[in-house]
Amino acid sequence: MIVVVVELARQIKQSELCHHIRGDKMLDLKFIRENVELVRKNLRDRANKLDLDGLLKLDEKRRKLIQKVEELKYKRNIASEKIAQLKKDKKKTDHLIEEMKDVGKEIEKFEDEVSTYEKKVNQTVLLIPNIPDSSVPAGLTQDFNKEVRSWGKKPEFDFQPRLHWDIGETLGILDFGRASKITGAHFALYKGLGASLERALVNFMLDLHLNKHGYKEIWPPVLVNRECITGTGQLPKYEEDMYRCELDDIFPIPTAEVPLTGLHMDEVLEEKNLPIYYTAYTPCFRREAGSYGKETRGLLRVHQFDKVEMVKLTKPEDSDIELEKMVQNAEEVVQLLELPYRVMLLCTVEMGFAARKCYDIEIWAPAQGKWLESSSCSNCGDFQARRLNIRYRKKDGKTELVHTLNGSGIALARTFAAILENYQQKDGSVVIPEVLRPYIGGVEKIEG
RNA sequence: GGAGAGGUGGCCGAGUGGCUGAUGGCGCUGGUCUUGAAAACCAGAAUCGUCGUAAGACGGUCGUGAGUUCAAAUCUCACCCUCUCCGCCA
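Residues numbered from 1 in each chain as written. Chains lettered and ligands numbered in written order. Predicted model: local features only at pLDDT ≥ 70, side-chain atom pairs only at ≥ 80, totals over all residues. Heavy atoms only, no water.

Q: Help me understand the packing of aromatic side chains in this model?
A: The geometry of an aromatic ring pair is captured by the separation of the ring centres together with the interplanar angle, meaning the angle of the planes. According to the stated counting rule, one finds nine aromatic pairs in the structure shown. An aromatic cluster is built from Tyr238, Phe353 and Phe383, whose rings are joined through pairwise contacts. Sitting above the plane of the Phe110 ring, Lys109 keeps its charged end 5.0 Å from the centroid. The ring centre of Tyr117 lies 5.2 Å from the NZ or CZ of Lys120, which sits over that ring. (Phe/Tyr/Trp six-rings, centres within 6.5 Å; stacked < 30°, edge-to-face > 60°. Lys NZ or Arg CZ within 6 Å of the ring centre and 35° of its normal.)

Following this line, the structure appears as structure tokens:
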């Protein structure tokens, strides 16, 4: 019973929000109407089972009802003006007022219907993913991802390389047992030089993006409200993947992309201030509902991990080139750490909900013999800007939606794992990448 | 958590029931003037939706939502946020 009530409350909150969030702004609905086949193909390429025809029918019904309401309101407005005039002239208005009472009731009836359909339509529209860029390969499996380039050389060992969780536990820098004791499975606890290494990575990455790449540092809240996270696109579709503070209906962020992009919600930016570059270190929280299996060992899939994130707000014509630059910024992190990696252009089905085009950076993990996704850089076009209502004023005085981009620069847990596996020595120690040493008190090696 | 004040267009700021989508100022765009710029002057410009090939017509929008009324920026209620004071607190 309680569960039912909670569920109901959640649905009400959601529908209220859907109404509130751009309920007045159906621009994308118009786009959908005018580009039905494009949207249909998008859904197909992303293996999304949304009922597009059902949506179109609801929308048609909605528009018919709006016409009725507006007709009645027009009638009422004319009468109101007349009443005002009659009152001024001290003439009788009773009959008109009586008539309008009935009209008012009719309006109310139709308006209720409109809002019913509007809610349904808006809820559905929020579930339609972004349209991919034409350069994105269409495909329903990861085999359609395209390797764009690779960098570095895979290390060769004259001994059997050990897995990072093994190395970490042996050196006493990772402690999964105790993490699980105080919290639960799939949490990480860093100890001693492990903790220091994590902190060194954060500081190294932030400094690089600040000093060399021109990003502005932000330290945002890591709990955000429903509106913000609906704006960036994680909601409503992925609610089950999110942690949630029930009492206040706020969410621990799955990525700093959410607060960094949401920052300018409902704002009109100055053209001269674009592009805006933000970077932030935050912990990230993910429930990872339904992902079990081999990928979950060690640091590969944990519910809380650290990440340095990059976000850009740009003019529409600049976003393509800005994405390329952002990927390079992320790559530079990996290059300076001297870890072998490859850059993948993701196919339609592999991209995030809000992404129009997305590159992944995968670092080689020699002991596991596989590539670890360590960064995802996406151009979201105006998709998030529309949901968040972020615009800029152009020279001609008109406003236009900005484009938003986000990318990991980069995710820490898997980078940490890759460092252990790539830099491990025969004696069980791990060499600290040179570029990190100033950040870890000059330590060159972690030994047991 | 308690008490008070407030939330209006890109910004500031008028406006307490009926041509108020909203006076005014700043900023913005175009023009006149100027060698150029500034100043001054003139003009333009909110946003969303519905119908329409279009011109345009109409409907909505003053923190959010509901209510009163023939009619709400204006009255009532709830909620959110900001500021000031008090309390509590890492």
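Right, picking up where we left off after that structure.
Q: I keep staring at the nonpolar core and nothing clicks. Help me out?
A: Soluble globular proteins: nonpolar side chains tend toward being buried together. Leu197, Leu201, Met205, Leu339, Phe416 and Leu436 are the most contacted members of the largest nonpolar core, which totals 58 residues. In terms of residue count, the dominant contributor to this core is helix H8 (residues 193–212) (eight residues). In this view, Met205 contacts Val308, Val333, Gly409, Ile410 and Leu412; residues no more than four positions away in its chain are not counted. Judged by nonpolar contacts, the second largest core, of 25 residues, contains Leu269, Val311, Leu313 and Leu388. (Core = buried A, V, L, I, M, F, W, Y, C linked by side-chain atoms within 4.5 Å. Buried < 20%, exposed > 50% of the residue type's maximum accessible area, 1.4 Å probe, protein only. Helix = DSSP H or I, 4+ residues; strand = E, 2+ residues; numbered from the N terminus. Contact = heavy atoms within 4.5 Å.)

Q: I keep staring at the state of the cysteines and nothing clicks. Help me out?
A: Note on terminology: a disulfide is the covalent bond linking the sulfur atoms of two cysteines. On inspection of all chains with the given rule, the structure shows zero disulfides. In this structure Cys245 is a free cysteine whose sulfur lies 14 Å from that of Cys228, the closest cysteine sulfur available. Note on Cys245: relative accessible area 27%, which makes it partly exposed. Distance from the sulfur of Cys380, which forms no disulfide, to the nearest cysteine sulfur (Cys358) is 8.6 Å. Note on Cys380: relative accessible area 1%, which makes it buried. (Disulfide = S-S within 2.5 Å.)

Q: I keep staring at the sheet that holds strand S7 (residues 304–314) and nothing clicks. Help me out?
A: Consider a sheet: its strands pair through backbone hydrogen bonds, and that pairing is either parallel or antiparallel. Spatially, the eight strands line up as an open sheet ordered S1-S8-S9-S10-S13-S7-S6-S2, and their pairing is mixed. Each edge of the open sheet is held by one strand with a lone partner, namely strand S1 (146–151) and strand S2 (216–217). With 10 bridges connecting them, strand S6 (residues 276–285) and S7 associate as antiparallel partners. For Cys284, the partnering residue across the bridge sits in S7 and is Phe305. Helix H11 (residues 319–336) rests against S1, S6, S7, strand S8 (341–345), strand S9 (357–365), strand S10 (370–379) and strand S13 (403–411) of the sheet, and its axis sits at about 5° to S13. Running at roughly 35° to S13, helix H13 (residues 412–422) makes contact with S7, S9, S10 and S13 of the sheet. (Pairing = 2+ DSSP bridges. Axes fitted to C-alpha atoms, helices over the stretch in contact; angles between N-to-C directions.)

Geometric descriptors of this kind do not, in isolation, establish any biological role.
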